[in-house]
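Single-letter residue listing:
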Amino acid sequence: MPVNVSMNVNGRAVVEEVEERTLLVELLRENLRLTGTHVGCDTSQCGACVVHVDGRSVKACTMLATQAHGADVTTIEGLADNGKLHPMQEAFRENHGLQCGFCTPGMVMSALDLVARNPDPTGGEVREWLEGNLCRCTGYHNIVKSILAGASAMRGGS
Amino acid sequence: MYEFNYHRPGTLEAAAAALAAAEDGQVLAGGQTLIPTLKQRLASPSDLIDLGSIAGLDGVRREGDAIVVGAMTRHADVASSPDARSAIPALAALADGIGDPQVRNCGTIGGSIANADPAADYPAAVVGLGAEVRTDRRTIAGDDFFTGLFETALEDGEIIVSVRFPAPRRAAYAKFPNPASRYAIVGVMVADTGSGVRVAVTGAGDQVFRAGAMEAALGGNFSADAIRDASVPSDGLNEDLHASAEYRAHLVGVMARRAVAAAAAG
Ligand SMILES: Cc1cc2nc3c(=O)[nH]c(=O)nc-3n(C[C@H](O)[C@H](O)[C@H](O)COP(=O)(O)OP(=O)(O)OC[C@H]3O[C@@H](n4cnc5c(N)ncnc54)[C@H](O)[C@@H]3O)c2cc1C
Ligand code: FES
Ligand code: FES
């Protein structure tokens, strides 16, 4: 039976009619055409689908759309400000933190949750935090570098 | 995923009623085990009863010398709870080592112990700390809660409400994680409680179990030295591509010694 779910996505109120078994990532990608949130696995392990729900990073492939009813959802599309990249996005660009880019939206959304809790993480803490994000291209080194640079920029450093 | 009917009850009573009325209902907590299972079509419940909107089911609170964790409390919230960190740091640290940050942001203690995965972390805390599991019907001793591989003492339709952990004098959890999933290949909780030492082992067998010989040795002398040569028999332990039964038996000794050393160092 279709159900109505409503939520705030990137600051915009949305109401969608979905099947009860619809995943949050399906609602984002298929109903709202927010295709920056990726699906890289079907075992909840890769983190390509990470978005924020009420300020916490979650795997959008492992949450029903109905579970996010009434929530504030932020996706990668919600970060840039009038075309100006978010400092964390800019840091990935500057530091060659991506190759194919498939994992990048999830990496960035996950990183922002870390920085919200721990504004000045060490490289080791970043690596630990990325337990749930897999990259098949870069070997992580530049991703860690990007996140440290992004965190520094967000603290107002250079 | 097969189709199901979705319910979002606002009270525990309404949840129990929805569960009783469903042909083949199942409760949904953090979804970190259930949703992957549904996606793989390994389960096909007729109804999902989401506990997410029931007030009072989540949060960590102190109750005298004990810590009470609501069934819907997410792993991340146990890890960061000031009460858990001060009264039972081993419990907060265990929660902080589950899976990855996104799993910890959704997964709950109720879902973890109801699922009773043989490699899950929380069962070691429930048994190792001598906890009790409170449901909408009764209180179950932690020692009696896990009854087999993915099996618990829960009856049909019974819902976990909270878990009560008495604060030990000192305790620590040491885990040898699967490098991909972080589930325990072997995890050992050692607790020096007011009434004896408890050693609970997860990951090694088909369910969490206590290592009696180590408990006895540590009762006289709470130091890693007291269990220097201790291990558990490998008969019947889990064997898979990650580790043989003998390797797991060996790891039980190693993890137990690490946990004792950490607990003794405070
Ligand atoms: C990538 C990944 C890595 C993981 N790594 C680890 C790890 O390292 N260690 C570890 O321990 N776990 C790990 N997990 C599992 C995780 O901890 C789950 O959160 C947990 O097993 C289930 O909790 P949940 O709240 O998500 O429950 P759900 O998935 O919603 O439910 C699980 C089961 O419990 C039942 N249930 C839920 N709540 C209740 C209740 N209150 N009363 C009665 N029954 C209930 C449900 O009906 C269902 O059968 C991992 C999971 C993933 C996806
Ligand atoms: S798509 Fe891989 S974890 Fe969500
Ligand atoms: S950049 Fe290609 S998967 Fe990470």
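Being a predicted model, the structure only gives us computed values, none of them experimental.

## Quick notes on the site of ligand 1
Then, in step 1: The environment of ligand 1 is formed by 33 residues, the closest being B:Val27, B:Gln32, B:Leu34, B:Thr108 and B:Arg182.
Then, in step 2: Neighbouring residues of ligand 1 are not confined to one chain but are distributed across chains A and B.
Then, in step 3: Take B:Gly111: an N or O atom from its main chain is 3.5 Å from an oxygen atom of ligand 1.
Then, in step 4: B:Ser112 has a polar backbone atom sitting 3.4 Å from an oxygen atom of ligand 1.
Then, in step 5: In isolation ligand 1 exposes 980 Å². Once the protein is present, 94% of that is buried.
Then, in step 6: Where the shell around ligand 1 is concerned, the elements lending two or more residues are β2 (25–28) and α7 (109–115) of chain B.

## A word on the domain arrangement of chain A
Residue and element names in this part refer to chain A.
Then, in step 1: Each domain of chain A was delimited in the assignment, giving domain 1 (2–78) and domain 2 (87–154).
Then, in step 2: For domain 1 versus domain 2, the distance between C-alpha centres works out to 21 Å.
Then, in step 3: Contacts between the two partners involve 18 residues from domain 1 and, on the opposite side, 14 residues from domain 2.
Then, in step 4: Taken together, both faces of the contact between domain 1 and domain 2 bury some 1,200 Å²; the carbon and sulfur share is 61%.
Then, in step 5: Contact with domain 2 buries surface across domain 1, with His38, His52 and Ile76 losing the most and accounting together for 39% of the total.
Then, in step 6: At the junction of domain 1 with domain 2, the criterion picks out 0 salt bridges.
Then, in step 7: Scanning the region where domain 1 abuts domain 2 turns up 6 residue pairs in polar contact (both at pLDDT 80 or more).
Then, in step 8: For the side of domain 1 that touches domain 2, the secondary-structure elements that each account for two or more residues are β3 (50–53) and β4 (56–59).
Then, in step 9: Tallied by class, the residues present in the side of domain 1 that touches domain 2 amount to 6 nonpolar, 10 polar and 2 charged.

## Considering the pattern of salt bridges
Then, in step 1: Applying the stated rule across the entire model yields 23 salt bridges over all chains.
Then, in step 2: For A:Arg93, the salt bridge identified is with A:Glu90, shortest N-O distance 3.2 Å. A residue pair is termed a helical-turn pair when its members lie 3 or 4 positions apart in one helix, as A:Arg93 and A:Glu90 do in helix α2 (residues 87–94) at 3 residues.
Then, in step 3: Using a relative accessible area of 57% as the deciding quantity, one classes A:Arg93 as exposed.
Then, in step 4: Accessibility expressed as a relative area gives 25% for A:Glu90, which makes it partly exposed.
Then, in step 5: Of the charged contacts, one joins B:Glu158 and B:Arg138 as a salt bridge, the two residues approaching to 2.8 Å between their closest N and O atoms. Of this pair, B:Glu158 sits in the loop between β9 (151–152) and β10 (160–166) while B:Arg138 sits in the loop between β6 (132–135) and β7 (139–141); the two residues are 20 residues apart in sequence, bridging distant segments of the chain.
Then, in step 6: The exposure class assigned to B:Glu158 is buried, which follows from its relative accessible area of 8%.
Then, in step 7: Taken together, the shared-partner salt bridges in this structure form one network comprising B:Arg61, B:Glu63, B:Glu132, B:Arg134 and B:Arg164.

## Details of the domain arrangement of chain B
Residue and element names in this part refer to chain B.
Then, in step 1: When the domains of chain B are assigned, the result is domain 1 (5–52), domain 2 (60–166) and domain 3 (170–265).
Then, in step 2: For domain 1 and domain 2, the distance between their C-alpha centres works out to 19 Å.
Then, in step 3: Between domain 1 and domain 2 lies a buried interface of about 840 Å² when both sides are counted; carbon and sulfur atoms form 80% of it.
Then, in step 4: Across the domain 1-domain 2 interface, the total number found is 0 residue pairs in polar contact (both at pLDDT 80 or more).
Then, in step 5: When residues in the side of domain 1 that touches domain 2 are grouped by element, the largest group, 4 residues, is from helix α1 (residues 12–21).
Then, in step 6: A per-class count over the side of domain 1 that touches domain 2 returns 7 nonpolar, 4 polar and no charged.

Quick notes on the rules
- Residues numbered from 1 in each chain as written.
- Chains lettered and ligands numbered in written order.
- Predicted model: local features only at pLDDT ≥ 70, side-chain atom pairs only at ≥ 80, totals over all residues.
- Heavy atoms only, no water.
- Near = heavy atom within 4 Å.
- Polar contact = N/O pair within 3.5 Å; in protein donor to acceptor, adjacent residues only side chain to side chain.
- Areas by Shrake-Rupley, 256 points an atom, 1.4 Å probe, with all protein chains shown as cover.
- Helix = DSSP H or I, 4+ residues; strand = E, 2+ residues; numbered from the N terminus.
- Domains from an automatic or database assignment.
- Contact = heavy atoms within 4.5 Å.
- Buried area = accessible area lost by both parts, 1.4 Å probe.
- Salt bridge = Lys/Arg side-chain N within 4 Å of Asp/Glu carboxyl O.
- Nonpolar A, V, L, I, M, F, W, Y, C, P; charged D, E, K, R; others polar.
- Buried < 20%, exposed > 50% of the residue type's maximum accessible area, 1.4 Å probe, protein only.

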